[in-house]
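Below, each chain spelled out in residue letters.
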Amino acid sequence: MRRYSAFAIAREAARYHTGWERAWKSPKPKKKYDVVIVGAGGHGLATAFYLGKNFGITNVAIIEKGWLGGGNTGRNTTIIRSNYLQDPSAAIYEKARSLYETMSQDLNYNVMFSPRGVMMLAQTEHEVRGYVRTAHANALQGVTTEFISPERVKELVPIMNIHGPRYPVLGALWQARAGTARHDAVAWGYARACSDMGMDIIQKCEVTGVRQENGNVTGVDTTHGQIDCDKLAMVVAGNAGHLAEMAGFRLPMESVALQALVSEPIKPCIDVVVMANTVHGYMSQSDKGELVIGGGTDGFNNYTQRGSFHHVEETVRALVETFPIISRLKMLRQWGGIVDVTGDRSPIIGKTPLGNCFINCGWGTGGFKSIPGSGWAMAETVAKGEPGSLAAEFGLNRFTEGRFIDESVAAGVAH
């Protein structure tokens, strides 16, 4: 694989850009692989990358029923943070955040990581107490956060109305090294690196069945034929329940749509990410000038990837009081993604009832920020057959043992 650099751009400019190679290959599937990963989104590609980088396992196929990065990886609002309350959550999200900081160098692909800072507004006394508690917990976990005053909030975000009649700003939980990245670039960077290691990325290849013998997985049936494997990794987010059924077990999760929208482009007016959990909305500004706006999940189970008018109204109405400047902006586009939500709002990483079959799902609305940490932990689990320290607490067995990692309240809103 040819390295990307300023010199490469200059060279290609001199020859009218005729020498660029395809970023990744599109091979036909082989009959058998050491590992088959179902799902070519951020989590699946990251799992493959760290299998190769950390464990030298490169006889890997990543199969995807649609196109690479076409699921939640390309449908999120790109927030990256690690200021979670529970120790297992803080550990895996901080691992992910730290990997994001060097990802462009590690992959030789600019993922446009922007550590612009994320603030979570406290707009009730209850939230003040909760965020102060989280700041203390983060200090013990080695995660750098602080609770800041309303004056400091206004200094960081001058366009904010901190004296709203219904939702005054009483302070905020501030993580200065959190931020955003380009979601497509994360998927493309991992795909390019995986392909360079000799892994096969097979798009438009839907799994129709999971084959097993004597309690162990032996392969998958796909629209491209049978593919045998020694180990199978399921990393398909909101479709995890369907794939688990094919393998003969059920998951304690539900799938719902999470919607988002962007405004028409405007001049730079906000250079941090703001999350207003009381009104269930959050906002940042993209490099193109669009305001990226999101809210909570739909209130009913569904598998749609479209937006809806009532959700736009509900989310924007809540944000207009805190950000009066946005009231006359036009919406440019909206969309939805299928998120997988567990009862304790924490992910599932680990073994399944089917031997040599592993699963990574349940990230809910926090999937993008966790991609590199999730891939790191999942790769270790697949390679060793047992979860490592990052994934150990997130196994399926926690639901039968009552060991919940409850982030539904601690995170306020799990974005």
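Everything numeric in this text was worked out from a predicted model, so none of it was measured.

Caption draft 1: Summary view of the overall build of the chain. Along its length, the chain carries 11 helices and 18 strands. Taking 22 Å as the expected radius of gyration for a compact globule of 415 residues, we find that the chain reaches 21 Å, a close match to that expectation. Along the first, second and third principal axes, the C-alpha atoms of the chain reach 65 × 65 × 40 Å. When the 415 residues of the chain are sorted by exposure, 57% land in the buried category. For the chain, the proportion of contacts with a sequence separation of at least 24, taken over those separated by at least 6, is 74%. When the accessible surface of the chain is split by element, carbon and sulfur atoms take 52% of a total near 17700 Å². If you average the places of the 42 positive and of the 39 negative side-chain charges in the chain, the two averages end up 6 Å apart.

Caption draft 2: Representation of the packing of helix α2 (residues 42-55) against helix α10 (residues 371-384) within the structure. Between α2 and α10, the shortest axis-to-axis distance is 7 Å and the interhelical angle comes to 55°. When the interaxial angle is binned, α2 and α10 end up oblique. Where α2 crosses over α10, the two elements pack in a sense that is right-handed. Where α2 abuts α10, its residues Gly42, His43, Ala46, Thr47, Tyr50, Leu51, Asn54 and Phe55 lie against Ile371, Pro372, Ser374, Gly375, Trp376, Met378, Ala379, Glu380, Val382, Ala383 and Lys384. Residues that form the contact of α2 with α10 fall into these classes: 11 nonpolar, 6 polar and 2 charged.

Caption draft 3: Structural view of the packing of aromatic side chains. Applying the stated criterion across every chain yields a total of 11 aromatic pairs. With centroids separated by 5.4 Å and ring planes inclined at 55°, the aromatic side chains of phenylalanine 49 and tyrosine 190 adopt a geometry described as tilted. Of this pair, phenylalanine 49 sits in helix α2 while tyrosine 190 sits in helix α7 (residues 183-196), and the two are 141 residues apart along the sequence. Phenylalanine 49 sits in the buried class, given a relative accessible area of 5%. The interplanar angle of 15° and the centroid separation of 6.2 Å between the aromatic rings of tyrosine 100 and phenylalanine 113 together place this pair among those described as stacked. Taken as a pair, tyrosine 100 in helix α3 (residues 87-101) and phenylalanine 113 in the loop between α4 (103-107) and β4 (118-122) lie far apart in primary sequence, 13 residues in all. The exposure classification of tyrosine 100 matches that of phenylalanine 113, with both residues buried. Members of the aromatic cluster, connected to one another through ring pairs, are Phe49, Tyr50, Tyr190 and Trp376.

Caption draft 4: Here's a closer look at the pattern of salt bridges. Within this structure, the stated rule accounts for 19 salt bridges. With a shortest N-O distance of 3.9 Å, arginine 11 and glutamate 12 are connected by a salt bridge. A salt bridge links arginine 182 to aspartate 184, with the nearest nitrogen and oxygen atoms 3.2 Å apart. For arginine 182, a relative accessible area of 34% puts it in the partly exposed group. In this structure aspartate 184 comes out as buried when scored by relative accessible area, which is 18%. If you follow the salt bridges from partner to partner, you end up with Arg2, Arg11, Glu12 and Arg15 in one network.

Caption draft 5: Region of interest: the state of the cysteines. The final tally for this structure, using the stated rule, is 0 disulfides. Looking at cysteine 194, it has no disulfide partner, and the nearest cysteine sulfur is the one in cysteine 205, 16 Å off. With no disulfide of its own, cysteine 229 lies closest to cysteine 357 among cysteine sulfurs, the gap being 8.4 Å.

Caption draft 6: Region of interest: the domain arrangement of the chain. Along its sequence, the chain is carved into domain 1 (26-109 + 182-252 + 344-401) and domain 2 (118-179 + 255-342). Domain 1 and domain 2 are separated by 28 Å when their C-alpha centres are compared. Summing both partners gives a buried area of about 2600 Å² for domain 1 against domain 2, and 53% of it is carried by carbon and sulfur. Residues glutamate 101 and arginine 177 are paired through a salt bridge, measuring 2.7 Å at the closest nitrogen-oxygen approach. Remark: the boundary between domain 1 and domain 2 carries 18 residue pairs in polar contact (both at pLDDT 80 or more). When contributions to the side of domain 1 that touches domain 2 are tallied by element, the ones reaching two or more residues are β3 (79-80), α3 and α11 (398-401).

The rules behind the values
- Residues numbered from 1 in each chain as written.
- Predicted model: local features only at pLDDT ≥ 70, side-chain atom pairs only at ≥ 80, totals over all residues.
- Heavy atoms only, no water.
- Helix = DSSP H or I, 4+ residues; strand = E, 2+ residues; numbered from the N terminus.
- Rg over C-alpha atoms; globule rule 2.2 N^0.38 Å.
- Buried < 20%, exposed > 50% of the residue type's maximum accessible area, 1.4 Å probe, protein only.
- Contact = heavy atoms within 4.5 Å.
- Areas by Shrake-Rupley, 256 points an atom, 1.4 Å probe, with all protein chains shown as cover.
- Lys, Arg positive; Asp, Glu negative; His and termini not counted.
- Charge placed at Lys NZ, Arg CZ, Asp CG, Glu CD.
- Axes fitted to C-alpha atoms, helices over the stretch in contact; angles between N-to-C directions.
- Parallel < 35°, antiparallel > 145°, perpendicular 65-115°, else oblique.
- Left-handed = near helix turned anticlockwise from the far one by under 90°.
- Nonpolar A, V, L, I, M, F, W, Y, C, P; charged D, E, K, R; others polar.
- Phe/Tyr/Trp six-rings, centres within 6.5 Å; stacked < 30°, edge-to-face > 60°.
- Salt bridge = Lys/Arg side-chain N within 4 Å of Asp/Glu carboxyl O.
- Disulfide = S-S within 2.5 Å.
- Domains from an automatic or database assignment.
- Buried area = accessible area lost by both parts, 1.4 Å probe.
- Polar contact = N/O pair within 3.5 Å; in protein donor to acceptor, adjacent residues only side chain to side chain.

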